[in-house]
Structure formats: C-alpha cells, structure tokens
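Structural overview
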Amino acid sequence: MKIRASRVNSQSIEPYLLIAPLLVLLLVFILYPVVANMYLSFFKWKGMGKATFIGLENYRTMFSDETFWVSIKNTMVLLLYIPLGVMLPVLISAVLREGLKGWSLFRAIIYLPNILGYVIMGMISSILFRKLGPINHVLTSLGLESLALDWLSIPILALNTLGLVYGVWLRLGFGCIFFLAAMSGIDASLYDAAKIDGALWWRTFWNVTIPSIRFSIEFWIVLSFIEILARAFSFIYSYSRGGPGFATFTLEYGIYNEGFVAFNMGYASTWASVLFIVCAVIAYFQIVLMRKNSDV
C-alpha cells in the first residue's frame, strides 16, 4: 500500500515538475514586469534615484495630455486597416491553393519582408516613400507627376502609408502561409460538392472556404490587433520616428518617448498600463471566440 501510494504521489507531482520551468519563466518575465509596471505608474521616477509616490497624478496627467489622445487616434486609424490585412492574404491564399503557376516563387517573394524584419523593412520603406525616392521616380517616369507626393511629410499620407505598409503589406507573406496551412485541412469533398452544384469560384470561396477556416480568421484578427497595438514600435522608429510631428505617433511609441527620451519612467508606465489593459481585453475576447468555436 505504501509503495502504491508513493507511485500515485510521484505521478501527480510529475506534471507540475514538467511545467515548473515554464511557470518560472512566466512569473519572472511576464507576471512580475506587469505587476511592477502597474506599481510604478503611481510613482514619479526618472529611471534612476528615488521614486516618489504621487498616487493617481500620472493618470490625471495622461488623460489631460493631448499627445496621449493623438496617439489613441492614430492607433485607431491603423486598426482600420485590419480588415484589408485579413481579407487580402485569405484571397491570395485561396488563389494560390488552386495551383497558380509559379506560386512557389510568388510565395517566397511576399514572405521576404518577414525574413528581413521590422527594422530593416522600416528603413527600406522610408527610402521608398521619401520625396525623391524610387516610388515617386517611377510615377514621374510614367507621366503621373500628380501622384508623386511627399508621402512622409504630409501627416495624413504618412499615417495611411504606415497603415498600408505595416498593417497590410508587411504581414501579407506570413498571412498567406498561415491561411494556406489552414486551407490544407479543408475536406476536399466540400469542394467536389460545390462543383457538382455548379458553384462558381467566388461562391465556393465564400460558402466553403471562409466558413471552414473561420477559427483561423478570428485568430488572425486578434493577432493583427496585438501586432498593431504592441509590436509596431520598431517599424515606426525606423520608418518615421513618429512624425511628421505626431502623425504616426502611436500609444506604443509614446511609451518609448516618455520613458527613454523624456526619462519619465513613472509616466511611461501609466501609458504602458493602458496598453496592457487594451491588449488584455482583446485577449479575453479571443478566449470567448475560441470557446464559441469549440461548442459549434
């Protein structure tokens, strides 16, 4: 009996021992920084020296800060590009799935930005869209001088160009790979049934492909929100430095600006707390969507 009890105890402990390293990493690199950031948001601290407790003063300052609301507005504009950033790779993946000639080469080309990384692509994009850059040179050569604009100096153009490049083009390659993998799991009999019924390509795409990869699309939407909210800094920094003015100044870029340019770490933590709450709400809705899909 004692031997059997010891075996039961060891079997019940083993799973926890296996996940213990992951739990330690989560506590050290995720939970602790989040709690420390929330705690620091109630202090005035320059990053060195003694921190002074000021209560909710950072939050009052933030909600009356015009730069904060500009960053929120710019972030919301970038989020409007998510539908295009989702549907375009889905459409391209559906076309590639049909066995388009040379699709392997095309897939490699559109995936290239993901290999180069955000910083390099930000620098390349800043060169492409500058006033005397290649894009304007091509437009001028084609006799389209009226379309050769100063993309990075006009605020509305700079923000919308950022949305197209970062929100759509930069993630197009990985999106195609992701949705091609999702489409590979669709039962071929569904397409055969659609052909027998005489359904055209678009109707088959809308009534067979889209419902079959619904979970993947929902996951990609949530991932797109997180990418724009919390992973765009490196691209924006090398692309426009948040300019012209505050035209491409996002909530995430504001955290860097307040913390590492103005050296106001306490106030930067306040911005980071707001960003964390927004991302947590999005993650919650992702969990809700996953549960709904599992019940279907």
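Residues numbered from 1 in each chain as written. Predicted model: local features only at pLDDT ≥ 70, side-chain atom pairs only at ≥ 80, totals over all residues. Heavy atoms only, no water.

Description of the side chain of Ser 71
For Ser 71, the location among the structural elements is in helix H3 (residues 66–79). You can call Ser 71 buried: its relative accessible area is 0%. If we skip the residues at most four places from it in the chain, Ser 71 touches Phe 249, Thr 250, Leu 251 and Trp 271. (Helix = DSSP H or I, 4+ residues; strand = E, 2+ residues; numbered from the N terminus. Buried < 20%, exposed > 50% of the residue type's maximum accessible area, 1.4 Å probe, protein only. Contact = heavy atoms within 4.5 Å.)

Things to note about the layout of surface pockets
Over the atoms, a rolled probe matching the size of one water molecule traces out where space is still vacant. Here the largest pocket is characterised by a volume of approximately 330 Å³. As for the largest pocket, its lining consists of 15 residues, and the residues nearest its centre are Pro 33, Asn 37, Ile 255, Ala 268 and Ala 272. The residue makeup of the lining of the largest pocket, split by class, is 12 nonpolar, 3 polar and no charged. Approximately 210 Å³ is the volume attributed to the second largest pocket. Around the second largest pocket, the lining is made up of 13 residues, and of these Glu 98, Tyr 191, Lys 195, Trp 201 and Thr 204 lie nearest the centre. Of all the secondary-structure elements, those providing two or more residues to the lining of the second largest pocket are helix H4 (82–97), helix H10 (188–196) and helix H11 (201–212). The biggest single contributor to the lining of the second largest pocket is H11, with 4 residues. (1 Å grid on protein atoms, 1.4 Å probe; cavity = no way out; pocket = protein on both sides within 12 Å on 5 of 7 lines; lining within 4 Å. Points joined across faces, edges and corners; volume = space filled by probe spheres on them. Nonpolar A, V, L, I, M, F, W, Y, C, P; charged D, E, K, R; others polar.)

Here we look at the packing of aromatic side chains
Under the criterion given, the structure shown has 31 aromatic pairs. Residues Phe 233 and Tyr 237 carry aromatic rings whose centres are separated by 5.7 Å and whose planes lie at 40 degrees to one another, so their mutual orientation is tilted. Taken as a pair, Phe 233 and Tyr 237 lie in helix H13 (residues 233–239) at a separation of 4 residues, close to a single helical turn. Given a relative accessible area of 31%, Tyr 237 falls into the partly exposed group. The interplanar angle of 20 degrees and the centroid separation of 5.3 Å between the aromatic rings of Phe 235 and Tyr 239 together place this pair among those described as stacked. Pair noted here: Phe 235 and Tyr 239 are both in helix H13, with a separation of 4 residues, about one helical turn. For the pair formed by Phe 235 and Tyr 239, the shared burial category is buried. Aromatic rings pair up to connect Phe 63, Phe 68, Trp 69, Phe 233, Tyr 237, Phe 246, Phe 249, Tyr 253, Tyr 256, Phe 260, Tyr 267 and Trp 271 into one cluster. We note Arg 241 situated over the ring of Tyr 237; from NZ or CZ to the ring centre the distance is 4.1 Å. (Phe/Tyr/Trp six-rings, centres within 6.5 Å; stacked < 30°, edge-to-face > 60°. Lys NZ or Arg CZ within 6 Å of the ring centre and 35° of its normal.)

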